[in-house]
Amino acid sequence: MTQPFSSLADFKAVLEQASGPDGSAIEAAQERNNQLTKPPGALGRLEDLAVWYAGWRGDATPRIENPQVVVFAGNHGVAARGVSAFPAEVTAQMVMNFQHGGAAINQLCATFGANLDVIALDLDTPTADFTAGPAMSEDEVVTALSTGWNAVDPAADLFVAGEMGIGNTTSGAAICAALFSGSAEDWVGRGTGVDDAGLALKARVVTEGLAANPQAKGNGLETLRCLGGRELAAMAGAIASARFHKIPVIIDGFICTAAAACLEKTCEGALDHTVAGHQSREAGHVQALQEIGKEPLLSMGLRLGEGSGAALAIGVLKAALDCHSGMATFAQAGVTDGG
Ligand SMILES: O=C(O)c1ccc[n+]([C@@H]2O[C@H](COP(=O)([O-])O)[C@@H](O)[C@H]2O)c1
Ligand SMILES: Cc1cc2nc[nH]c2cc1C
C-alpha cells in the first residue's frame with residue numbers, strides 16, 4: 001500500500017486520525033479470560049497481553065500465526081566523529097549477513113516462525129552530521145517514513161521493527177535528550193562497547209547536536225528529522241503503518257524506543273498498539289521506556305538491536321494468545337469455579 005502522506009504535516013494528520021482498538025472484542029476477550037480454568041489473574045501479564053492483543057485485532061480468540069520482523073539499516077554522518085566502537089562499513093556488512101541468514105535475528109525469527117525482511121536505506125549516503133545542522137531534509141525523512149510505512153505486510157498479525165546502524169545509539173540519545181528532560185550525559189550509553197573516553201565524546205557530540213538543532217526540542221517529528229536517521233524514521237513509519245493495518249507491534253531496544261517516542265510526542269496515544277519487548281542494557285533505555293509509559297516484557301541483558309529483544313518477546317505474546325484462545329473454560333472442563 002502506498003503511504004497516505006507526502007509531508008511531515010500529512011504524517012502528523014495520519015497519526016491524529018488513527019483509530020483505536022475494538023471495544024467489543026476487548027469486552028468479549030475479558031469475559032472469556034474470566035471463565036478460563038485458572039484462578040483469576042494467575043497468568044499475570046499474559047492475561048493483559050491477550051486482552052490487549054484481542055482488542056487491536058478485533059477478535060476475542062486470536063492466535064499469532066504470521067509475525068513479521070523488518071530490519072531497517074541506515075548510516076549516520078555522526079559516525080565519522082568516532083562515536084562507535086565499530087567502523088561505519090559494518091552497517092552494510094551486517095546487511096549482507098542478515099541476507100545470508102547469519103545474524104542473531106535470523107535465528108530468532110526461525111525460532112518463533114517470523115518472516116524477516118531486511119531493508120537498507122541509502123547506505124552509501126549517510127545522513128548529515130547533526131552537530132552541523134539537521135541530519136535530514138524534510139524530503140529525506142518523509143522518504144524514510146514512507147519506506148517504513150510500505151514495508152509492513154498487511155497480512156501480518158504481529159510486527160517488530162528492528163534496526164542496524166553504526167552510530168545510532170548517539171542518534172537515539174540525542175532524540176531522548178531533545179524530547180525528554182535531562183542532559184546528554186543522562187542519555188548516552190556504551191552502544192557497541194565504547195570506553196569511558198568514547199562515552200564522554202558521545203555526550204559532547206549529543207550536546208553539540210542539540211545546540212545545532214534548537215528547533216527539535218520537544219517536537220517529535222522535527223527531532224526525528226534533525227537528530228534521527230533513515231532507519232529510525234523507517235521504524236517510526238512502520239510502527240504507524242502497523243496501527244493503520246490493526247497489527248500490534250513489539251518495540252525493541254533503545255534505538256527503536258527513541259524512534260517510537262517521536263510518534264508519541266507528536267500524538268499522545270500513538271503507541272497504544274505497542275508493547276515494549278525488552279529492557280536493553282543500553283544506559284538510557286530504562287528512562288526512555290518510563291517516559292513513554294511502557295513496562296518491558298523481558299529483561300535479558302541484550303544490547304544488540306536488529307529487533308532481537310522484540311523477536312524474543314514474540315514467544316511471550318504467542319504463549320499469551322495460545323493460553324487465552326486454547327484453554328477450556330470452567331464449564332467446558334467440568335472444573336468447579338471459585339464462585
Ligand atoms: O537496541 C539496543 O538497545 C542497542 C544497544 C546498543 C547497540 N545496539 C546496536 O549497535 C549499533 C549502534 O551502536 P553504536 O555504538 O554504533 O552507536 C546499532 O546497529 C544497534 O542495532 C543496539
Ligand atoms: C557486529 C554488529 C552486529 C550488530 N547488530 C546490530 N548492531 C550491530 C552492531 C555490530 C557491530
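Residues numbered from 1 in each chain as written. Chains lettered and ligands numbered in written order. Predicted model: local features only at pLDDT ≥ 70, side-chain atom pairs only at ≥ 80, totals over all residues.

An unreviewed UniProt entry lists the chain under the name Nicotinate-nucleotide--dimethylbenzimidazole phosphoribosyltransferase, with Neptunicoccus cionae given as the organism. Listed under Pathway (unreviewed entry) in UniProt, the entry text for the chain is "Nucleoside biosynthesis; alpha-ribazole biosynthesis; alpha-ribazole from 5,6-dimethylbenzimidazole: step 1/2." Per its UniProt entry, the chain bears the Sequence similarities (unreviewed entry) comment "Belongs to the CobT family." (UniProt positions renumbered as here; feature names shortened; annotations may be inferred.)

**Q** An account of the overall build of the chain is requested, with residue identities and associated values reported.
**A** Helix and strand content of the chain: 15 helices and five strands. Taken over C-alpha atoms, the radius of gyration comes to 20 Å for the chain, in line with the 20 Å a tight globule of 339 residues would show. Based on the C-alpha atoms only, the size of the chain along its principal axes is roughly 70 × 40 × 40 Å. Counting over 339 residues, the chain shows a buried share of 54%. Long-range contacts, defined here as pairs at least 24 residues apart, represent 79% of the contacts in the chain between residues at least 6 apart. (Helix = DSSP H or I, 4+ residues; strand = E, 2+ residues; numbered from the N terminus. Rg over C-alpha atoms; globule rule 2.2 N^0.38 Å. Buried ≥ 20, exposed ≤ 12 C-beta atoms within 10 Å, placed from the backbone. Contact = placed C-beta atoms within 7 Å.)

**Q** I'd like to hear about the site of ligand 2, residue by residue, with values.
**A** Taken together, Phe86, Val90, Met94, Met164, Thr192, Leu304, Gly305 and Glu306 form the complete shell of residues around ligand 2. A breakdown of the residues in the shell around ligand 2 according to their chemical character gives five nonpolar, two polar and one charged. (Near = placed C-beta within 6 Å. Nonpolar A, V, L, I, M, F, W, Y, C, P; charged D, E, K, R; others polar.)

**Q** So what's going on with the packing of helix α11 (residues 230-244) against helix α12 (residues 254-266)? Residues and values would help.
**A** Between α11 and α12, the shortest axis-to-axis distance is 9 Å and the interhelical angle comes to 60°. With respect to α12, the axis of α11 lies oblique. The handedness of the crossing between α11 and α12 comes out as right-handed. Where α11 approaches α12, its residues Leu232, Met235, Ala236, Ile239 and Ala240 are matched on the opposing element by Ile255, Cys256, Ala258, Ala259, Ala260, Cys262 and Leu263. Taken together, the residues that form the contact of α11 with α12 break down as 12 nonpolar, no polar and no charged. (Axes fitted to C-alpha atoms, helices over the stretch in contact; angles between N-to-C directions. Parallel < 35°, antiparallel > 145°, perpendicular 65-115°, else oblique. Left-handed = near helix turned anticlockwise from the far one by under 90°.)

**Q** Which residues make up the site of ligand 1, and what values go with them?
**A** Near ligand 1 lie 24 residues; those nearest to it are Ser84, Gly191, Gly253, Ser280 and Gly305. Residue assignment for the shell around ligand 1 shows that the elements contributing at least two residues are β3 (158-164), α7 (168-179) and α12. Of the residues assigned to the shell around ligand 1, the class counts are seven nonpolar, 12 polar and five charged.

**Q** So what's going on with the UniProt feature "active site" (unreviewed entry) in the chain? Residues and values would help.
**A** UniProt feature "active site" (unreviewed entry): in the numbering of this structure it lies at Glu306. Residue classification places glutamate 306 among the buried positions, given that 29 C-beta atoms sit within 10 Å. Sequence-distant contacts of glutamate 306, defined by excluding residues within four places in its chain, comprise Val71, Ala103, Ala104, Ile105, Gly162, Glu163 and Met164.

**Q** Go over α11, please, and point to the residues and values.
**A** Every α-helix winds through 3.6 residues per turn, so residues three or four apart in the chain are directed the same way. Between its terminal C-alpha atoms α11 stretches 21 Å, which fits the 21 Å expected from 15 residues at 1.5 Å a residue. Burial analysis of α11 places 14 of its 15 residues in the buried class, the great majority of the element. Remark: lysine 246 follows α11 within two positions and exhibits a positive phi of approximately 60°. (Expected span 1.5 Å × (residues − 1).)

**Q** Could you give me a rundown of helix α9 (residues 196-212), with the residues and numbers involved?
**A** Between its first and last C-alpha atoms α9 spans 24 Å; for 17 residues at 1.5 Å apiece the expected length is 24 Å, and the two agree. Along α9, the residues that are buried comprise Lys202, Ala203, Val205, Val206, Gly209 and Leu210. Projection of α9 onto a plane perpendicular to its axis shows the buried side chains occupying an angular sector of 165°, all on one side. Residues of α9 that are exposed and point more than 90 degrees away from the buried face comprise Asp196, Ala197 and Ala211. Against the buried residues of α9 lie α7, α8 (184-187) and α10 (220-227). (Arc of directions from axis to C-beta.)

**Q** If you had to explain the nonpolar core to someone new, which residues and values would you point to?
**A** Formed by 108 residues in total, the largest nonpolar core has its most connected members in Ala236 and Ala238. Aside from chain neighbours lying at most four places away, what touches alanine 236 is Leu145, Gly148, Leu224, Ala259, Ala260, Cys262 and Leu263. (Core = buried A, V, L, I, M, F, W, Y, C linked by C-beta atoms within 7 Å.)

**Q** Please provide a residue-by-residue account of the pairing of β3, values included.
**A** The buried count for β3 comes to seven of seven residues, which makes it a mostly enclosed element. Here β3 shows a buried face lined by Leu158, Val160, Gly162 and Met164 and a second buried face lined by Phe159, Ala161 and Glu163.

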